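For reference, the chains in residue letters:
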Amino acid sequence: MVKICCIGAGYVGGPTMAVIALKCPSIEVAVVDISVSRIAAWNSDQLPIYEPGLDDVVKQCRGRNLFFSTDVEKHVCEADIVFVSVNTPTKTRGLGAGKAADLTYWESAARMIADVSKSDKIVVEKSTVPVKTAEAIEKILTHNGKGIKFQILSNPEFLAEGTAIEDLFKPDRVLIGGRETPEGQKAIQALKDVYAHWVPEDRILTTNLWSAELSKLAANAFLAQRISSVNAMSALCEATGANVKQVSFAVGTDSRIGPKFLNASVGFGGSCFQKDILNLVYICECNGLPEVAEYWKQVIKINDYQKGRFVNRVVASMFNTVANKKIAILGFAFKKDTGDTRETPAIDVMNKFDWDHPIHLQPMSPSTVKQVSVVWDAYAATKDAHGLCILTEWDEFRNLDYQKIFDNMQKPAFVFDGRNIVDVDKLREIGFIVYSIGKPL
Ligand code: NAD
Ligand code: UGA
């Protein structure tokens, strides 16, 4: 029986390994983590992350061929294939601070693999890493002095939160990069054999290591660039009377452009887009390509501009001050169908409202942020509020009883739709003053 171990039981490691276990009953999968509480949650009925369909997959294979454990060393030692899916956040200190990826967790995982291994292994980069990371990892692994052979593969993950299970079941592609030596090709084949249990062969792409590593950063940069492009257009729409939804639709029907990922918003959030673009910018700078770095930097600048523009609109509309006013925020996650609030635009928007104390906490706790209270219900949140801001596109916000909300709000009652989900005409009919990103005022 092939044994897989995944280091890192997070948003990627957990769902990815659960799907491998489900689709490959002949493979034993162990997901390990240094976080005792996270592993305890994976072993409980209350999984540590919310992801549609995940509970069901975990229930089917946990205890059968899927195990969650804190015994990192034992499972790494026993595995044939070791995935590394640890976090790779932006460095906060030292060389490259604010841009470069912090590979501390990755390096310590690699050192541990080198220390505990007693047999040859394939080590798979699942985390998003700077191009050429495999070279550094190889050095750490091959200098173990024990004669054990490691093959490094790059197998970046393209799932999006909220649709992780769907994305893993039917990926657009699986990308595997490896060395162009016979041993490298053999390792690629071994990983291909795992995915081939459910992914059609023509969707499993193989490349060299550097192309696979860079493709991941490139894909996220392209995706984020689309959002910044449509958000930049949304500002021009507001200035001219065009409607960004109509513009996106018209643009997206061109088959060369395509309709997806053209929703104007308060700005993109999440743990990866900004981090990965900053990382790309840093790599370009290090490679003497300042023009290329500057090009990608603009994607983040427009995203910051869009969040700032939204807040300015709120404050300006409400007679230039929000002091002593109640603002209801509907939605705090960075997108719908996830409980993840990492780098959510809601934090930036709320901080720009200029409270006495900035909001640092994720998730927020009402006791520590005096001016903020957290409630479960949109009706409770909007009661006696002067304005409401929609910051996450949860389906339930589309179908609220807006008449009831209007009746219970202070007048004039304002709606600021940062996700373009409300029916503007209907809300105006009720009596709201409505601002919806990229739509005529
Ligand atoms: P996460 O923070 O949810 O999970 C990482 C886990 O690794 C944590 O639970 C942490 O405790 C554990 N860990 C760190 N160092 C460890 C060590 N030495 N030994 C054992 N466990 C260790 O992160 P995530 O969102 O799953 O992201 C992981 C990687 O995947 C990142 O590089 C990210 O860029 C990439 N990625 C994320 C997504 C996403 O949707 N979140 C999608 C594609 C790629
Ligand atoms: C993104 C990519 O879509 C994944 O392919 C990638 O694997 C992942 O990053 C990663 O590397 O972490 P994710 O951040 O989970 O996935 O979610 P997205 O659906 O991409 O949304 C990101 C942000 O963009 C959200 O805040 C979302 O609301 C926003 N967005 C998305 C828009 O504002 N408009 C759109 O049209 C689409």
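Treat the numbers as computed from the prediction; the structure is a model and nothing was measured.

Visitor: Now, about the site of ligand 1: what can you tell me, with residues and values included?
Guide: Near ligand 1 lie 23 residues; those nearest to it are D33, R38, T88, E161 and K275. In the environment of ligand 1, an oxygen atom lies 2.7 Å from a nitrogen or oxygen atom belonging to the side chain of R38. The backbone of T128 places a nitrogen or oxygen atom 2.9 Å from an oxygen atom of ligand 1. Considering ligand 1 on its own, with 830 Å² of exposed area, one finds that the protein chains cover 91% of that surface. Per-class residue counts for the shell around ligand 1 are 8 nonpolar, 8 polar and 7 charged.

Visitor: So, the nonpolar core: which residues are in play, and what are the values?
Guide: Counting 45 residues, the largest nonpolar core has I7, V76 and I113 as its most contacted members. Leave out the neighbours within four places in its chain, and I7 touches V32, V76, V82, F83, V84, S85, V86, A109, M112 and I113.

Visitor: Explain the pattern of salt bridges to me, using residue names and the numbers behind them.
Guide: Taken as a whole and assessed by the stated rule, the structure comprises 22 salt bridges. Note that E135 is salt-bridged to K132, the shortest N-O span being 3.9 Å. The partly exposed category is assigned to E135, whose relative accessible area is 33%. Look at K132 and you get partly exposed, because its relative accessible area is 40%. A salt bridge links D384 to K383; its shortest N-O distance comes to 3.7 Å. What makes D384 partly exposed here is its relative accessible area of 41%. One salt-bridge network, held together by shared partners, links K99, E285, E294, K297 and K301.

Rules of the game
Residues numbered from 1 in each chain as written. Chains lettered and ligands numbered in written order. Predicted model: local features only at pLDDT ≥ 70, side-chain atom pairs only at ≥ 80, totals over all residues. Heavy atoms only, no water. Near = heavy atom within 4 Å. Polar contact = N/O pair within 3.5 Å; in protein donor to acceptor, adjacent residues only side chain to side chain. Areas by Shrake-Rupley, 256 points an atom, 1.4 Å probe, with all protein chains shown as cover. Nonpolar A, V, L, I, M, F, W, Y, C, P; charged D, E, K, R; others polar. Core = buried A, V, L, I, M, F, W, Y, C linked by side-chain atoms within 4.5 Å. Buried < 20%, exposed > 50% of the residue type's maximum accessible area, 1.4 Å probe, protein only. Contact = heavy atoms within 4.5 Å. Salt bridge = Lys/Arg side-chain N within 4 Å of Asp/Glu carboxyl O.

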